[in-house]
Structures are given as C-alpha cells and as structure tokens.
Amino acid sequence: MNTKLKWILILCGLVILIVGAYIAYDKLAPMVEDMRGREENNVASEVSDETLTETDESANKPTVPPVALYDAEGNSVSLPDLIDKPTILNFWASTCNPCASEMPHFQAVYEELGDEYNFIFINYLGFYGETEESAQKFLEANGYTFTTYFDRNQSAAYAFGVSSIPTTAFISADGEFLGGILGAMNEETLRDCIEDY
C-alpha cells in the first residue's frame, strides 16, 4: 500500500473518531448533568428548594412534594395527604439486601410507635427487577405490616433526590422535611433518629 493511501485512511479514521466523540458527548452530557443533579440533591445533603419540594414561604423550610404514590390496590394517593403526624418515610426494594436487613428493625419500632408516628414505605420499583408483585410477596412472607406504597414513575425518589436505597426521611406532622439517612439502620439507630428529629 502506498504512503499517500495510508495517510488518507489515517485522516479518515481521525475524522470518524472526532465526529463520533462529538455525537457521544452531545448525547451523554445531558444525562451526566442529570445524574450529577440527583446526587447533589440527595436527602442527606443540604436541602434545596428545587428538588425536595415547594417551599413554605413563611418558614422558608422544605415541605413534602405533592407526588403520586400507589397503594397495593392500585389507587393513587398524594404523599402530603398521608402525613397527619410525624412521619418516617423509607425508600426500599425487596431486591436490595441492605433494605431487607433493616426491615425487622423498622417492624419492631412500628409495632411500638405506630400510633404516634406514620411509617410510610415507598417501594422503589425497577431496582434490580423489583415489581409490585415481588415486593408484596416479600412483605407477606416476612409478616411486615407497615404501610407500603409504590413509586411507579419514581417521582417520589426524584423529588427527594434518592440515588441509593435504603434511604429514610424524617418529616414533621405539618409536612416539613427534617432530615434523612442513607443506608441501612438497626433498631437503636432508628430510635435515636426518631428522637433527634
């Protein structure tokens, strides 16, 4: 092969590489920015007016966003309508081992404090194949009786900036976001958090 043809092929290869890199950057950059935005707005990080909620103007504190959740019968409910007393809100999936490890602790505290506090579990559908059916089978098989809702379009997870599970949020009776914890908790840690918040 002559030298001129080699250089033409090398130049064509470089042009294709540059065009491909530009197209990939153009397509992937918005997704990376969206992922960065979700991480920055995680419930354990500083609370932001944009992600967590609409803000109560008088107190300038974040409140629970009006996201739709679905109960076991498929009925839609708005999250703020569920909050009438201090609330422990947990994002989980049965396909998440750390989530499964903390469930007995939540059940024990729920059985003791369920009259004083709302315990609302939001199932993160799609997490490693999580379905409503697999979540309900998991709850029934383990005898868990706390209230569970399904985040079908992950609007609640997005509103709270949840990027990993389990994630637990603590909310006041008037819907004010008080703080959150990432990762599995044991019973002692859960009780300490309830007391602190």
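What counts and how
Residues numbered from 1 in each chain as written. Predicted model: local features only at pLDDT ≥ 70, side-chain atom pairs only at ≥ 80, totals over all residues. Heavy atoms only, no water. Helix = DSSP H or I, 4+ residues; strand = E, 2+ residues; numbered from the N terminus. Buried < 20%, exposed > 50% of the residue type's maximum accessible area, 1.4 Å probe, protein only. Areas by Shrake-Rupley, 256 points an atom, 1.4 Å probe, with all protein chains shown as cover. Contact = heavy atoms within 4.5 Å. pLDDT = per-residue confidence, 0-100. Phe/Tyr/Trp six-rings, centres within 6.5 Å; stacked < 30°, edge-to-face > 60°. Disulfide = S-S within 2.5 Å.

K.L.:
Help me understand the overall build of the chain in this model?
P.N.:
On a plain count of helices and strands, the chain comes out with six helices and nine strands. In the chain, which comprises 197 residues, the proportion classed as buried is 39%. Carbon and sulfur atoms make up 54% of the accessible area of the chain, which amounts to about 11300 Å² in all.

K.L.:
Explain the side chain of Gln107 to me, please; I cannot follow it from the model alone.
P.N.:
Relative to the elements of secondary structure, Gln107 occurs in helix α3 (residues 97–113). In contact with Gln107, other than residues within four places in its own chain, are Gly143, Tyr144, Thr145 and Phe146.

K.L.:
Sorry if this is basic, but what is going on with the confidence of the model for the chain here?
P.N.:
Looking at the chain, pLDDT values average 82 and 75% of them are 70 or higher. Segment residues 31–58: pLDDT under 50, and 43 contacts once partners within four positions in sequence are set aside and those in other chains are kept.

K.L.:
What's the story with the packing of aromatic side chains in this structure? I'm lost.
P.N.:
To describe a pair of aromatic rings, you give the distance between the ring centres and the angle between the ring planes. The tally for this structure, following the rule as stated, stands at 12 aromatic pairs. The interplanar angle of 20 degrees and the centroid separation of 3.9 Å between the aromatic rings of Phe121 and Phe146 together place this pair among those described as stacked. One end of the pair, Phe121, is in strand β6 (residues 118–123); the other, Phe146, is in the loop between α4 (132–142) and β7 (147–150), with 25 residues separating them in the sequence. Just as Phe121 is buried, Phe146 falls in that class too. Relative to Tyr197, the ring of Phe170 lies with its centre 4.8 Å away and its plane at 20 degrees, an arrangement referred to as stacked. Placement of Phe170 in strand β8 (residues 167–171) and of Tyr197 in the segment after α6 (187–196) is noted, with a sequence separation of 27 residues between them.

K.L.:
Would you mind going over the state of the cysteines with me for this structure?
P.N.:
Structurally, a disulfide amounts to a covalent bond that connects the sulfur atoms of two cysteines. For the structure on display, the rule yields one disulfide. With its sulfur 2.4 Å from that of its partner, Cys96 forms a disulfide with Cys99. Residues Cys96 and Cys99 are joined by a disulfide whose S-S torsion is about 80 degrees; by sign, that bridge is right-handed. Neither Cys96 nor Cys99 differs from the other in exposure class; each is buried.

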